[in-house]
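Listed here are the chains, written in short residue letters.
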Amino acid sequence: MELPQRILIGENVLRLLGRFLEIPKSAKIVVASGLNVQQKVREVVGFSLEGRVSWVNVELSDMENVHSVMRASRDARCIIGLGGGKSVDVGKLAASKRNLPFFSVPTSASHDGIASPFASIRGTDKHYSIKAKPPVGILADVGMIADAPPQLFAAGCGDLVAKLTAVKDWQLGHEATGEYYGEYAANLALMSGQLIINNSKKMSAGDRSSVRDLVEALISAGVAAGIAGSSRPCSGAEHLFSHALDAICPGAGLHGEKCGIGTIMIAKLQGLDWRAIRSALKDVNAPTTAAAISISAEQVTDALVRASTIRPERYTILSKARLDRRSAQRLAEETGVI
Ligand SMILES: [Zn+2]
């Protein structure tokens, strides 16, 4: 198991970044970050890291950006991914390839990659997250994350309810193929998904304690993947649906939004309480329909059919249900997605 060693969550903790890293004073530090985020935090981060920082601009999570972070980190002691999903994913893979410690400093809570050993990078031969190393440390500034657009908070909730169907798929896979199933990792992931179902009515994007709960649950889910040694507890057929949409209509909807919508439909196939999942997503203002993320009924149907081909070695409810266009469309209609 590879797990994060240090986690700091709190108000105004970004200014403690320098001390949090625990690396020698003269060491060079590479920070992968988007320009928008850099403008906001450059001063406080520069001050905290005492000027030893080399910024690398990351706007896309693709191999080109991974290589530019790797080039910049030749003589560095560690890499920090500071920002949303892209900066964290790019920094994580670059650090893993360079064999350097990676620190995750999320500015939003939109997906579980902030703590997991997986990175979602375009331009590889895989249409799903690839294995890297988990962050050595995670520093989450609750105030900064609470100031992020509410849509990102809702997406984080979508990526968490996905654990309910992901774990069910893992159980199905274990029964069908005898693959490893870890009760502890499964329960940890389930608990993070259940947090949204149980608390959705009182959770809201700008609220500090909601943000803290969400961040802790996302970290827990990432740790569950670290314990399992695979993305199994966090990613099932609902993620395959989201990955299929990435290919069919690139750029439409956030990862967590697509996973949340996928979870509603996959939960119905699995015989779970899909209505409870849908209403929790509505409570936190996450999209529950195709129209809400500007995709068509046809694209949803396509993605449901294509999902089972994305990672055929991984057993999910789709391996069993074998949806054709007609049954896929009916599923999307019955759950109100289209
Ligand atoms: Zn995810």
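Residues numbered from 1 in each chain as written. Predicted model: local features only at pLDDT ≥ 70, side-chain atom pairs only at ≥ 80, totals over all residues. Heavy atoms only, no water.

Moving on: the pairing of strand β4 (residues 76–83). Taking burial as the measure, the eight residues of β4 include seven buried ones, the bulk of the element. By the bridge criterion, five bridges tie strand β2 (residues 28–33) to β4 in an arrangement that is parallel. Bridge assignment links I29 to a residue of β4, and that residue is C78. The pairing of β4 with strand β5 (residues 102–106) spans five bridges and is parallel. By the bridge assignment, L82 is partnered in β5 with V105. The β-α-β motif built from β4, the intervening helix α4 (residues 85–98) and the parallel element β5 has right-handed crossover chirality. (Buried < 20%, exposed > 50% of the residue type's maximum accessible area, 1.4 Å probe, protein only. Helix = DSSP H or I, 4+ residues; strand = E, 2+ residues; numbered from the N terminus. Pairing = 2+ DSSP bridges. Right-handed = clockwise from strand over helix to strand, strands pointing away.)

Attention now goes to the sheet that holds β5. Overall, parallel pairing links the six strands, which are arranged β1-β8-β5-β4-β2-β3 in an open sheet. Single-partner strands in this sheet number two, and they are β1 (6–10) and β3 (53–57). Taken over all neighbouring pairs, the strand axes of this sheet differ in orientation by 15° on average, direction set aside. Strand contacts of α4: β2, β4 and β5, with the helix running at about 160° to β4, the strand carrying the most contacts. Here helix α8 (residues 208–228) sits on the sheet and contacts β1 and β8 (137–141); the angle it forms with β1, its principal contact strand, is near 165°. (Axes fitted to C-alpha atoms, helices over the stretch in contact; angles between N-to-C directions. Contact = heavy atoms within 4.5 Å.)

Right, let's get into the coordination of the zinc ion. Taken together, D159 (OD), H239 (NE2) and H255 (NE2) make up the protein donors of the zinc ion, found 2.1 to 2.2 Å from the metal. For the zinc ion, the donor residues sit on a single chain with the sequence spacing D-x79-H-x15-H. In this pair, D159 sits in helix α6 (residues 150–177) while H239 sits in helix α9 (residues 237–248), placing the two residues 80 residues apart along the sequence. Like H239, D159 is buried. (Donors = N, O, S within 2.8 Å, 3.2 Å for Na, K, Ca; no water.)

To find leftover empty space, a probe the size of one water molecule is rolled over the atoms. Within this structure, the stated rule accounts for one cavity of 30 Å³ or more. Its boundaries defined by the atoms lining it, the largest cavity holds a volume of some 50 Å³. As for the largest cavity, its lining consists of S108, A109, I145, A146, A148, P149, L152, F153, A205 and V211. Contributions of two or more residues to the lining of the largest cavity are made by α5 (142–146) and α6. (1 Å grid on protein atoms, 1.4 Å probe; cavity = no way out; pocket = protein on both sides within 12 Å on 5 of 7 lines; lining within 4 Å. Points joined across faces, edges and corners; volume = space filled by probe spheres on them.)

Per the counting criterion, the structure on display carries three aromatic pairs. Pairing F20 with F103 gives two aromatic rings, centres 6.2 Å apart and planes at 70°, and the pair type is edge-to-face. Here F103 lies in strand β5 and F20 lies in helix α1 (residues 17–21), a separation of 83 residues in the sequence. You can call F20 buried: its relative accessible area is 9%. (Phe/Tyr/Trp six-rings, centres within 6.5 Å; stacked < 30°, edge-to-face > 60°.)

With that out of the way, let us pick up the pairing of β8. β8 sits mainly inside the fold: five of its five residues count as buried. Side chains G137, L139 and D141 of β8 all project onto a buried face; the interleaved residues I138 and A140 project onto the opposite face, where all are buried too. By the bridge criterion, five bridges tie β1 to β8 in an arrangement that is parallel. Note on β8: the bridge partner recorded for L8 is L139. By the bridge criterion, two bridges tie β5 to β8 in an arrangement that is parallel. Directly across from F103, in β8, lies its bridge partner G137.

Of note, Q38 is situated in helix α2 (residues 35–48). On the basis of relative accessible area, Q38 is assigned to the buried category, the value being 5%. Within the structure, the side chain of Q38 is placed 2.9 Å from the backbone oxygen of S33, a separation counted as a polar contact. The contact partners of Q38, leaving out residues within four places of it in the chain, are S33, W55, V56 and N57. (Polar contact = N/O pair within 3.5 Å; in protein donor to acceptor, adjacent residues only side chain to side chain.)

A few words now on the environment of I295. If you trace the backbone, I295 turns up in the loop between α11 (274–283) and α12 (297–310). The spatial distance from the C-alpha of I295 to the C-alpha of I79 is 36 Å, given a sequence separation of 216 residues. Discounting chain neighbours no more than four positions away, the residues touching I295 are L245, C249, A252, A290 and V300.

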